[in-house]
Amino acid sequence: MTLDPYAWDAADPLAGYRDQFITPDDADVISYLDGNSLGRPLKRTAELMDEFIRETWAGRLIRGWTDEWMEWPLTLGDRLGSVALGAAGGQTVVADSTTVLIYKLARAAVDARPGRNRVVLDTDNFPTDRYVLEGIAASQGLELVWVRTDPGEGIHPSQVESVVDERTALVLFSHVAYRSGWLADVPEITRIAHSVGALAMWDLCHSVGSVPISLDEWGVDLAVGCTYKYLNGGPGSPAFAYLAGHLQDSVRQPIWGWMGHRASFEMGPGYEPAPGARALISGTPPILAMVPLHANLDMLAEAGILAVRDKSQKITSYAIALADEWLKPLGVEVVSPPDPSRRGGHVTLRRPGFAEILEPLWAKGVIPDYRQPDGLRIGPAPLSTSFDEVHRGLAVLRDLLG
Ligand SMILES: *Cc1c(COP(=O)(O)O)cnc(C)c1O
């Protein structure tokens, strides 16, 4: 593999998308490698926000709810389903935060499996997933079954096979492990959960917008994810939840709010869930924070998730090649799967003392992120990052270590 970034950029069919993002002229950032934590804003997003505030919010005022806002959680959910999730309409909503949706869906799932008292999870899942399940287990008298995952890899089907049985209500894992970047075999693990009658839930935060997803085809029961990473929705943009259509009558989320009611504006006595995915909603949806998603989903639909994945595999392989050439001799280890088909959109580098390197890197305009212990994550968002940007960032890291 050539290490010349210009050769890679010249051959990149998605290179033109970089121009659609806002990169201030006076930017002090020479290499942004944290698209897996917070995506960059689109120029179109700034326009849409401005239009929305001046024209739609200011102009339509309360009438906006009857015009279209009531439908946004569902229409945007459907669009996301078709562009990025492999989900047919009527199964996905945009709402809340990932943490809150993990609670709502996991609680709904265990309630739908009465008589089963175990939930399977892994030691290296994202903290919020583990904490929320701990809370549900404590309040519902459930037992957590921990699979010990290798922090350089992630969950394997054989590990799931060895712990699930007729006591298992739910398994919850991440599609892409937030530390190593390990890409889980979703259809196989879902099949294993189903073979004992358990439900399978997936956290898609680190895969959505970067790795192709086929929720319907894989038979996934429930899924959640956020929109501020590879979907560039902006800090704190809302999350999404997927509940397979065939489960919508039997799986009931626990936060019964008026916006998930069959007739929100009748304001009647007693909760009656809306039919379909709307029942996943609890309170007033964060409409303003959904505006950027329109621009991002248009862009992703145009670029195509398969092309995004292709670039993602190339640019992470390129980062690994640079790390092998420059950083390995300086004591840096690559702790992500070397096989691009087993890896999501980021690569983790490890070296004792990396916690102290973050500040000097930021001072030189290089922004990766840091995860305990000693892990520097390189997350080049495919639509906004050039090979040259990766080259520049890792060169600065090399010089700081050397
Ligand atoms: C980013 C991320 C979250 C974030 O949850 P929030 O409620 O948005 O803070 C959850 N799970 C995973 C796997 C993540 O990567």
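Keep in mind that what you see is a predicted model, and the values were worked out from it rather than measured.

Novice: For this particular structure, what's the right way to read the packing of aromatic side chains?
Specialist: Under the criterion given, the structure shown has 10 aromatic pairs. Geometrically, the ring pair formed by Phe126 and Tyr178 is edge-to-face, given 5.1 Å between the ring centres and 80 degrees between the ring planes. Highlighted residues: Phe126 in the loop between β3 (118–122) and α6 (127–140) and Tyr178 in the loop between β5 (168–174) and α8 (186–195), separated in sequence by 52 residues. According to the relative accessible area criterion, Tyr178 is buried, its value standing at 10%. Each member of the aromatic cluster is reached from another via a ring pair, and the members are Phe52, Trp65, Trp69 and Trp72.

Novice: Would you explain the sheet that holds strand β9 (residues 333–334) in this entry?
Specialist: Sheet strands line up and pair through hydrogen bonds in the backbone, either parallel or antiparallel. With respect to topology, four strands assemble into an open sheet ordered β9-β10-β13-β12, the strand pairing being antiparallel. A single partner strand is all that each edge strand has here, and the edge strands are β9 and β12 (369–371). Where β12 meets strand β13 (residues 375–378), three bridges bridge the pair, whose relative direction is antiparallel. Note on β13: the bridge partner recorded for Tyr370 is Leu376. Strands in contact with helix α11 (residues 305–327) are β9, β10 (347–350) and β13; relative to β10, the strand with the most contacts, it is inclined by about 15 degrees.

Novice: What is the right way to look at the site of the ligand in this model?
Specialist: Close contacts around the ligand come from Ser97, Thr98, Thr99, Phe126, Thr128, Asp129, Ser174, Asp203, Cys205, His206, Tyr228 and Lys229, and that covers them all. The side chain of His206 places a nitrogen or oxygen atom 2.7 Å from an oxygen atom of the ligand. Across the complex, the protein chains shield 87% of the 390 Å² of accessible surface that the ligand would expose by itself. According to the grid-proximity analysis, the pocket containing the ligand is the largest pocket. Listed by contribution, the elements that provide at least two residues to the shell around the ligand are α5 (98–111) and α6.

What counts and what doesn't
Every residue gets a number counted from 1 within its own chain, in the order that chain's sequence is written. Residue-level local features of this predicted model are given only where pLDDT is at least 70; pairs of side-chain atoms are given and counted only at 80 or more, and the full residue set underlies all totals for whole chains, interfaces and linings. Side-chain figures throughout are based on the complete set of non-hydrogen atoms in the structure, without hydrogens or water. Classification of ring pairs uses Phe, Tyr and Trp, with its six-membered ring standing for Trp, and accepts pairs whose centres are within 6.5 Å; under 30 degrees between planes counts as stacked, over 60 as edge-to-face, and the remaining range as tilted. Under the scheme used here, helices are H or I runs from DSSP no shorter than 4 residues and strands are E runs no shorter than 2 residues, and both carry numbers assigned from the N terminus. Three exposure classes are used, based on accessible area relative to the maximum for each residue type with a 1.4 Å probe and protein chains only: buried under 20%, partly exposed in between, and exposed over 50%. Being paired, for any two strands, means DSSP has found at least two bridges between them. Residue contacts are counted whenever heavy atoms from the two residues lie within 4.5 Å of one another. Only the contacting stretch of a helix is used when fitting its axis, a line to C-alpha atoms as for every element, and angles between N-to-C directions run 0 to 180 degrees. Here a residue counts as near a molecule or strand whenever at least one of its heavy atoms sits within 4 Å of it. Polar contacts here mean pairs of N or O atoms no more than 3.5 Å apart (in protein, one a potential hydrogen donor and the other a potential acceptor; neighbouring residues in sequence count only if both atoms are side-chain atoms). Here the Shrake-Rupley method, with its probe set to 1.4 Å, supplies the accessible areas, and only the displayed protein chains count as covering residues. Buriedness for pockets is judged along seven lines, at least five of which must meet protein on both sides within 12 Å for an open set on the 1 Å grid over protein atoms alone, while cavities are sets there where a 1.4 Å probe fits but cannot get out, and lining residues have an atom within 4 Å of a point. Think of it this way: if more than half of a molecule's atoms are within 2 Å of a pocket's grid points, that molecule is in the pocket or cavity.

Purely geometric numbers; function is a separate question.
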